[in-house]
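# Notes for the structure review
Here is how the chains run, residue by residue.
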Amino acid sequence: MSAADITLLDTLALLDTPLREFADGIADDRYAIWLGAGISFEKLPGLKGVAEAVLEHVRQRIDPTDPGCAFKACLSDIMGLVTLDDDQRAKIDFAAPAASWEPIELVRRQLVDRYSTMLDLFPANETPDYLVWDGIDVATRYADPATTPGAAHLGLAALVMEGVASECASANWDDLIEKAMKVADGAASAVLQVRVLPGDVQDSLRRARLYKFHGCAALAAQDEATYRSKIVGRQSQIDGWAGKPENAVIATKLRDLAVSKATLMLGLSAQDTNIQQIFIDARLLLPASFPTHPPRVMVSENEVGPRQRSLLQNFYRDDYAGQPAAIHAASLVQAYSRSLLPALWLFTLRAKLAALIDQAAPTLPAGERDALRQGLTRLRDLAAGAADPADHEAFMLKALVSAGRALRLFHRGRAPTAAEGVYTPLTDGGVARSLAAPLLATEGLVELSLALGLIGHGEQAGLWTCATPDPAEAKSGALCLVGAVRTAEVFFAASANASAQLIASGHVAEDDDAVIVHSFPVPARSARHPTGAPGRTGRLGLREFSVSSVANNAVGLDVLLQQFKTEMAL
């Protein structure tokens, strides 16, 4: 199976076993994530299409009456980059649309490999960045408000929210990551800072950073005077980029990322010399010996290509010659970003909850705690199994809403508003940082991990099945469980205030066939007012119990699960 065809479950299987050390590193925020055009292929035109658009833009501006036409000379220079035989060149007519040229596919393919060189060409009467700014029309093409983020961007946004993608670097001009953050965290999101200008590094108030070292089309569209010159695409800009004074601050930060964190490369061919130089410099500052733990460089590809091979050779210079095959195998993630980033998000959620199980059930034998962790894996995989392999974007949009709503109900007892975005993170840091959080014992997350582990373990044992709740319905729970006798919406409450708000906000009522699983002892309540008709209805009504109280009385997993099942009354 190729990286392009891999499903979310397939990707999780890779992360659980052969790539476990890498995945654990992601869940602990030990990787800087480097992004290239590959993560946006489903949303933006590929380089072949853009190359043809540049050809057509220049061709349309040729003045056939002017023998010295600058645009004709420019188009001739562009075509000079392409290797064609005499017969093929004879079939190119500058008076005809580029799309109609017989060898156009060959032309497009070769221009992709010479992309930055092509962009350095310009009509004599225009500015040096003419083909980038006007030929590509970068501000319009890459900052179109109608272009929505894809699965990869949404997956990265979720990882940023979870605090495990705190350092990202992008060679892309588009603003799809920023759009994904607005989906997840609302229009006023203050989690991710975009860094383009040197002065941007002086603002460290936000907990995550995105270095757009080739510039930002959206910012250039808003403020051309400040940001147009920061759009990098021409070979003359790329050559010696890190050594130019105007790039020194951002280049220093990128070197620090390459030194201080392991590297995950997504959709980035590493062909640009400025990227290669960053990693050469990092290797000189802090030599790496193979193997490293976790792996220092991971690339998301079907196989390690020539450009990635060059990067790995520079990074593992002293060790590469003797073991290239082993280094390639250890550095390869055979899943593309559209499945990898959503899978890493699901892996991270499970990893955080699994890390809490030891605190949630310290008296259970190690094997029984592992069974609870397997229950968490079961719930994760049930969620991933619902993803259409052909539409990871739709899955992410639904999953972020469902998970975000469940966690908002857990913490606050109410669903998020539109302004707040659709997602609420489990924690805002990696696994180790989450375990060390000073208020962890009072947040209810430890107990939530136990409740979810029991639900997953019970599902594996056939005690109930999980149905997909509808987050658009106010009375829809975090989970919907179907038992032998009845179906119930299940809510979780981190505190007495959260459980009271669940009722006050209309999510549950006393006569609902629903369950509130409390993290801590159930508070005494004043008399409630049922909303249904009196008399026999065959419904049990609202059940409330504390998972921590159940755990205190349990002497083993079987007893604990039976007590939990009894309280659920399914």
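You'll find the structure just up there.
Since this is a predicted model, take the numbers as computed values, not measurements.

## A look at the overall build of the protein
- A count of helical and extended segments in the protein gives 27 helices and 12 strands.
- When each of the 570 residues of the protein is scored for burial, the buried share is 55%.
- Pairs at least 24 residues apart make up 72% of the contacts formed inside the protein by residues separated by at least 6 positions.
- Entry remark: accessible area of the protein is about 23,600 Å², with carbon and sulfur atoms responsible for 53%.
- Here the protein carries 53 positive and 67 negative side-chain charges, and the mean point of each set is 4 Å from the other.

## Structural notes on the packing of helix 20 (residues 337-360) against helix 21 (residues 366-385)
- Put simply, helix 20 and helix 21 touch, their axes get as near as 9 Å, and they point 160° apart. The orientation of helix 20 relative to helix 21 falls into the category roughly antiparallel. Judged by the sense of rotation from one axis to the other, the crossing of helix 20 with helix 21 is right-handed. Residue-level inspection shows L346, F347, R350, L353, A354, I357 and D358 of helix 20 in contact with helix 21, the latter providing R369, L372, R373, Q374, L376, T377, R380 and A384.

## Quick notes on the sheet that holds strand 5 (residues 262-266)
- What the 7 strands build is an open sheet, ordered 3-4-2-1-5-6-7; its pairing is parallel. This sheet does not close on itself; its edge strands, each paired only once, are strand 3 (192-195) and strand 7 (332-333).
- Bridge analysis of strand 3 against strand 4 (residues 208-212) gives 4 bridges, and the strand direction is parallel. Looking across to strand 4, one finds that V194 is bridged to L210.
- Against the sheet, helix 2 (residues 20-27) touches strand 1 (31-35), strand 5, strand 6 (297-300) and strand 7, its axis set at about 95° to strand 1.

## Things to note about the pattern of salt bridges
- Tallied over the entire structure, the rule returns 33 salt bridges.
- Here E52 ties to R108 by a salt bridge, and the two come within 3.1 Å at their closest N and O atoms. Placement of E52 in helix 3 (residues 47-60) and of R108 in helix 6 (residues 104-113) is noted, with a sequence separation of 56 residues between them.
- Overall, the relative accessible area of 19% leaves R108 in the buried class.
- In this structure, K91 engages E102 in a salt bridge whose closest nitrogen and oxygen atoms are separated by 3.0 Å. Highlighted residues: K91 in the loop between helix 5 (86-90) and helix 6 and E102 in the loop between helix 5 and helix 6, separated in sequence by 11 residues.
- Residue E102 is classed as exposed on the basis of its relative accessible area, which comes to 58%.
- Salt bridges linked by common partners bring K48, E52, E105, R108 and R109 together as one network.

## As for the sheet that holds strand 11 (residues 514-518)
- The sheet built from 5 strands is open, its strands ordered 8-9-10-11-12 with mixed pairing. Each edge of the open sheet carries a strand with a single partner, namely strand 8 (465-467) and strand 12 (543-546). With strand direction ignored, the average angle separating the axes of adjacent strands in the sheet is 30°.
- Across 4 bridges, the pairing between strand 9 (residues 479-482) and strand 10 (residues 487-493) is antiparallel. For V482, the partnering residue across the bridge sits in strand 10 and is T487.
- Against the sheet, helix 24 (residues 445-460) engages strand 8, strand 9, strand 10 and strand 11, with an angle of about 155° to strand 10.

## Overview of the environment of T363
- Structurally, T363 can be placed in the loop between helix 20 and helix 21.
- According to the relative accessible area criterion, T363 is exposed, its value standing at 67%.
- Taking the C-alpha atoms as reference, T363 lies 36 Å from D511; in sequence the two are 148 residues apart.

## Brief notes about unusual backbone geometry
- Cis peptide bonds are those with omega within 30 degrees of zero, and the linkage from F290 to P291 qualifies with 0°.
- Counting through the fold element by element, P291 comes out in the loop between helix 16 (273-285) and strand 6.
- With an omega dihedral of -5°, the bond running from H293 to P294 counts as a cis peptide bond.
- Even without a glycine there, the phi angle at D137 is positive, about 60°.
- With respect to the helices and strands, the residue D137 is situated in the loop between helix 8 (130-135) and helix 9 (138-141).
- What makes D137 partly exposed here is its relative accessible area of 33%.
- Even without being glycine, A569 reaches a positive phi, approximately 55°.
- Along the chain, A569 turns up in the segment after helix 27 (557-568).

## Comments concerning the packing of helix 3 against helix 4 (residues 70-79)
- Two numbers describe how helix 3 lies on helix 4: the axes approach to 8 Å, and their chain directions differ by 150°. With respect to each other, helix 3 and helix 4 are oriented roughly antiparallel. Every pair of crossing elements has a handedness; the one defined by helix 3 and helix 4 is left-handed. Two secondary-structure elements touch here, helix 3 through V54, L55, V58 and R59 and helix 4 through F71, C74, L75, I78 and M79.
- Residue composition of the contact of helix 3 with helix 4, grouped by class: 8 nonpolar, no polar and 1 charged.

Cut-offs and rules
- Residues numbered from 1 in each chain as written.
- Predicted model: local features only at pLDDT ≥ 70, side-chain atom pairs only at ≥ 80, totals over all residues.
- Heavy atoms only, no water.
- Helix = DSSP H or I, 4+ residues; strand = E, 2+ residues; numbered from the N terminus.
- Buried < 20%, exposed > 50% of the residue type's maximum accessible area, 1.4 Å probe, protein only.
- Contact = heavy atoms within 4.5 Å.
- Areas by Shrake-Rupley, 256 points an atom, 1.4 Å probe, with all protein chains shown as cover.
- Lys, Arg positive; Asp, Glu negative; His and termini not counted.
- Charge placed at Lys NZ, Arg CZ, Asp CG, Glu CD.
- Axes fitted to C-alpha atoms, helices over the stretch in contact; angles between N-to-C directions.
- Parallel < 35°, antiparallel > 145°, perpendicular 65-115°, else oblique.
- Left-handed = near helix turned anticlockwise from the far one by under 90°.
- Pairing = 2+ DSSP bridges.
- Salt bridge = Lys/Arg side-chain N within 4 Å of Asp/Glu carboxyl O.
- Nonpolar A, V, L, I, M, F, W, Y, C, P; charged D, E, K, R; others polar.

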